[in-house]
Amino acid sequence: LSRESPLNPRWFPYGNFPLYLLKLSSAAFPDIDMRLVGRALAGLFDVATVALVYLLGTRLFGRKVGLLASALTAVTVLHIQLSHFYTSDVLLTTFAVATLFFLARGMGKRDSLSALLAGVSLGLALASKASAASLFAPVLAAYVLQTTTATERPLLLRLRSALGGLLVTGGAAALTTAIAQPYALLDWPTYLADTLRESQMVRRTVDLPYTRQYINTPAF
């Protein structure tokens, strides 16, 4: 692996994992147009998001809320529109919701598997788009809350359990990101420059033709 390797996209406005996944999937189906392969993948990931929203809502609030939340997700215009294209946002959403689900699944108990799966999901989200870094907030909140639940257990045990889970999730996220997007480390100057440029675009500190349509519009 080197910065000059053909595996290095040298382009990081979006994460590299979706690019690798599309390339591998297209190699498995060489007779199908790559655009159609990408569209099929996007649809599958979006369906997975609907299922994960159901599981998350059901675990936190009950089956009725899970069904309602997944139904609303299924008819959300942005989800439908993006599912027609192979954008990193579709994969990002799936892995973000998966991260939240596994965090909720492990709440209030020692569950190393849930902590591990939350870390893998977080790592894949980070490898899909850098904005997934905002998921560190709910990850930290989940393990802080874990120290306030299951109060029948001694506080020291709860603290050790929460710290252990946080280390498992963080370690799994770091390893997964490194595997799924290695050139964020191997070509970090390009990765950093592209990520900072995207941040400037979002904050409109740089002028780009495709963001001018949002000037003087409501922030939401």
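Below is a summary of the structure that appears in this document. Small disclaimer: the values here were computed from a predicted structure and weren't measured.

## Quick notes on the pattern of salt bridges
Tallied over the full model, the rule gives 4 salt bridges. Where aspartate 207 meets arginine 204, a salt bridge forms, and the shortest distance between an N and an O atom there is 3.4 Å. With a relative accessible area of 32%, arginine 204 lands in the partly exposed category. Its salt-bridge partner being arginine 212, residue aspartate 207 comes within 2.8 Å of it at the nearest N-O pair. On the basis of relative accessibility, which here comes to 45%, the residue aspartate 207 falls in the partly exposed class. According to the relative accessible area criterion, arginine 212 is partly exposed, its value standing at 44%. Through salt bridges with shared partners, a single ionic network connects Arg204, Asp207 and Arg212.

## Re a nonpolar patch on the surface
The grouping of Trp11, Tyr14 and Leu19 at the surface amounts to a nonpolar patch, some 270 Å² of accessible area in total. Within the fold, tyrosine 14 resides in the segment before helix 1 (17–28). By relative accessible area, tyrosine 14 is classed as partly exposed at 34%.

## Quick notes on helix 1
In a regular helix each residue adds 1.5 Å, so 12 residues correspond to 16 Å; helix 1 covers 17 Å between its end C-alpha atoms and thus fits that length. If you check which residues of helix 1 are buried, you get Phe17, Pro18, Leu21, Leu22, Ser25 and Ser26. Down the axis of helix 1, the sector holding all buried residues measures 160°, keeping them to one side. Exposed residues on helix 1 whose side chains face more than 90 degrees from its buried face are Lys23, Leu24 and Ala27. For helix 1, the elements touching its buried residues are helix 2 (34–61), helix 5 (88–105), helix 6 (112–126) and helix 8 (155–180).

## A few points about the environment of tyrosine 20
Tracing the chain through its elements places tyrosine 20 in helix 1. Taking the C-alpha atoms as reference points, tyrosine 20 and alanine 180, 160 residues apart in sequence, are found 8.2 Å from one another. Apart from the residues within four sequence positions on either side, tyrosine 20 is in contact with Leu7, Pro9, Ala180, Pro182 and Tyr183.

## Some remarks on the packing of aromatic side chains
Evaluation of the coordinates by the stated rule reveals 5 aromatic pairs. A ring pair is formed by tryptophan 11 and tyrosine 14, whose centres lie 5.8 Å apart and whose planes are at 50°; its orientation type is tilted. A network of ring pairs unites the aromatic residues Phe17, Phe45 and Phe95 as a single cluster.

## Side note on the nonpolar core
Phe17, Leu91 and Phe95 are the most contacted members of the largest nonpolar core, which has 37 residues in total. Of all the elements in the fold, those that place two or more residues in this core are helix 1, helix 2, helix 5, helix 6, helix 7 (136–146) and helix 8. Per-element accounting of this core gives the leading share, 11 residues, to helix 5. Excluding anything up to four places from it in sequence, phenylalanine 95 contacts Phe17, Phe45, Ser121, Leu124, Ala125 and Ser128.

What counts, and where the lines are drawn
- Residues numbered from 1 in each chain as written.
- Predicted model: local features only at pLDDT ≥ 70, side-chain atom pairs only at ≥ 80, totals over all residues.
- Heavy atoms only, no water.
- Salt bridge = Lys/Arg side-chain N within 4 Å of Asp/Glu carboxyl O.
- Buried < 20%, exposed > 50% of the residue type's maximum accessible area, 1.4 Å probe, protein only.
- Patch = residues over 30% accessible without salt bridge, like charges linked within 9 Å, V, L, I, M, F, W, Y side chains within 5 Å.
- Areas by Shrake-Rupley, 256 points an atom, 1.4 Å probe, with all protein chains shown as cover.
- Helix = DSSP H or I, 4+ residues; strand = E, 2+ residues; numbered from the N terminus.
- Expected span 1.5 Å × (residues − 1).
- Arc of directions from axis to C-beta.
- Contact = heavy atoms within 4.5 Å.
- Phe/Tyr/Trp six-rings, centres within 6.5 Å; stacked < 30°, edge-to-face > 60°.
- Core = buried A, V, L, I, M, F, W, Y, C linked by side-chain atoms within 4.5 Å.

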